[in-house]
Amino acid sequence: MRCERCGAPACCFDVYGARLCRRCLLSSIMDRALRWLRKASPRRRDEMILALRGDPQSGAALRIVQSLERGFDVRIAVLEVGRRPIHRPSAEALGLDYAFVRAAPSTYTEFRVLLGRFTPHRFADALLILPDSLEDLAAYALGEVFLGDLRGLSLDAALRVAYPLAAVSLRELLQAFPGELGGAPELYSASRARGLVEWIMMSSPTLCHSTVTALLTLARLRWSKA
C-alpha cells in the first residue's frame, strides 16, 4: 500500500479514506490547521490563549499550534480545564505560560461556559484557540446547539475564537501522533450525538464538514449581533 501523495509506504488514512504515509498525513493536518487558524484573523504580536482539556485532541492542539506560531509574531499561553493538569509538563517544556482550572465539565457547552468565566477578565483581547476536532464540533452542534442550548455560543460573542482542528478528525490525530497523545476523549465519548456523528463520518464525512460550517456560521451571526 503506497501513499497517494508521495508514493512512500502508506500507514494512515485521512478523513476521506485516502492512503497516506505519516509524514504526508501530518503535513495535511498542519495545512488544514493553518487554514482554519487564519480564518480567525490573527494579528501581529497577538496573544493566543490555547484552551485545553485532558483529551488527545488537546495534546495534538498543543503540538500543532506551537508549531504553527513560528509563522506568526505572537505569544501563546495555555489555559487547561480539567480534573488534573495533564498538559502542564508539555506546556512548560515548550516555554509557554500555563494556568490550570480544576473543573469537570461534562458537555462541550459546560466547557465553554467555564472558559467564559475566566478568559474575558484576564485575556479580553486575546485570540482564544479551542482544541475541538471535526467530531467534537459536529457532536457539539448536533447534540447541544441545534437542540437549543446556545449558552456556549456566548464565548464566540465575547471573544475572538479560533478552531484550527475544525477540519481534522480525531482518528487522523491519533494516527499522526501514534502512542503520543494521553487522556481519553471524554466529552466526545459522553456526547448524546456520538453515534450519529460516527455514522456520518463513515458514510459521508462531507456532511460533518457542512454541520461544522453551519455551527460556526451561527456562532459568527451571534457574534455580529452581540
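Residues numbered from 1 in each chain as written. Predicted model: local features only at pLDDT ≥ 70, side-chain atom pairs only at ≥ 80, totals over all residues. Heavy atoms only, no water.

A. Up close: the sheet that holds strand β6 (residues 127-129). Read across the open sheet, the five strands follow the order β5-β4-β3-β6-β7; overall the sheet is parallel. Each edge of the open sheet is held by one strand with a lone partner, namely β5 (97-102) and β7 (160-162). Strand-to-strand twist of the sheet, defined as the mean angle between neighbouring strand axes without regard to direction, takes the value 25°. Two strands pair when backbone bridges link them, and strand β3 (residues 47-52) and β6 are joined in this way by three bridges, in the parallel orientation. Following the sheet pairing, I49 is matched in β6 by L128. (Pairing = 2+ DSSP bridges. Helix = DSSP H or I, 4+ residues; strand = E, 2+ residues; numbered from the N terminus. Axes fitted to C-alpha atoms, helices over the stretch in contact; angles between N-to-C directions.)

B. Molecular detail of the nonpolar core. In terms of nonpolar packing, the biggest core is built from 43 residues, with L115, L128, L130, V197 and L215 touching the most fellow members. Broken down by element, this core gets its largest block of residues, six residues, from helix α5 (residues 134-143). Membership of the second largest hydrophobic core comes to 36 residues, among which are A10, A33, A91 and F177. (Core = buried A, V, L, I, M, F, W, Y, C linked by side-chain atoms within 4.5 Å. Buried < 20%, exposed > 50% of the residue type's maximum accessible area, 1.4 Å probe, protein only.)

C. Region of interest: the packing of helix α1 (residues 22-38) against helix α2 (residues 56-68). One way to put it is that α1 packs onto α2 with a least axis distance of 10 Å and a crossing angle of 75°. Regarding the angle of α1 to α2, the classification is roughly perpendicular. Residues I29, M30, A33, L34 and L37 of α1 lie in contact with α2, whose contacting residues are I64, S67 and L68. Of the residues assigned to the contact of α1 with α2, the class counts are seven nonpolar, one polar and no charged. (Parallel < 35°, antiparallel > 145°, perpendicular 65-115°, else oblique. Contact = heavy atoms within 4.5 Å. Nonpolar A, V, L, I, M, F, W, Y, C, P; charged D, E, K, R; others polar.)

D. Focus on the side chain of T211. Examined against the element boundaries, T211 turns out to sit in helix α10 (residues 205-225). Given the relative accessible area of 10%, T211 is considered buried. Not counting residues within four places of it along the chain, the set of residues in contact with T211 comprises A138, A141, L142 and F146.

E. Fine view of the packing of aromatic side chains. Across all of its chains, the model carries one aromatic pair by this definition. One Lys or Arg, K39, reaches over the ring of W36 and ends 4.8 Å from the middle of that ring. (Phe/Tyr/Trp six-rings, centres within 6.5 Å; stacked < 30°, edge-to-face > 60°. Lys NZ or Arg CZ within 6 Å of the ring centre and 35° of its normal.)

F. Structural detail: helix α9 (residues 194-203). The set of residues buried in α9 consists of V197, I200 and M201. The arc enclosing the buried residues of α9, seen along the axis, measures out at 100°, which places them on a common side. Seen from the buried face of α9, the exposed residues on the opposite side, beyond 90 degrees, are G195, W199 and M202. (Arc of directions from axis to C-beta.)

G. Molecular detail of the confidence of the model for the protein. On average, residues of the protein score 91 in pLDDT, and 94% of them are at 70 or above. α10 is the least confidently modelled element of the protein, averaging 84 in pLDDT, while α5 averages 98, the highest of any element. (pLDDT = per-residue confidence, 0-100.)

H. Focus on the side chain of Q57. Position of Q57 among the secondary structure elements: in helix α2. A relative accessible area of 0% means that Q57 is categorised as buried. A polar contact is formed between the side chain of Q57 and the side chain of D136, at a distance of 2.9 Å. Contact partners of Q57, with chain neighbours within four places excluded, come to P131, S133, D136, L165, L170, L173 and P185. (Polar contact = N/O pair within 3.5 Å; in protein donor to acceptor, adjacent residues only side chain to side chain.)

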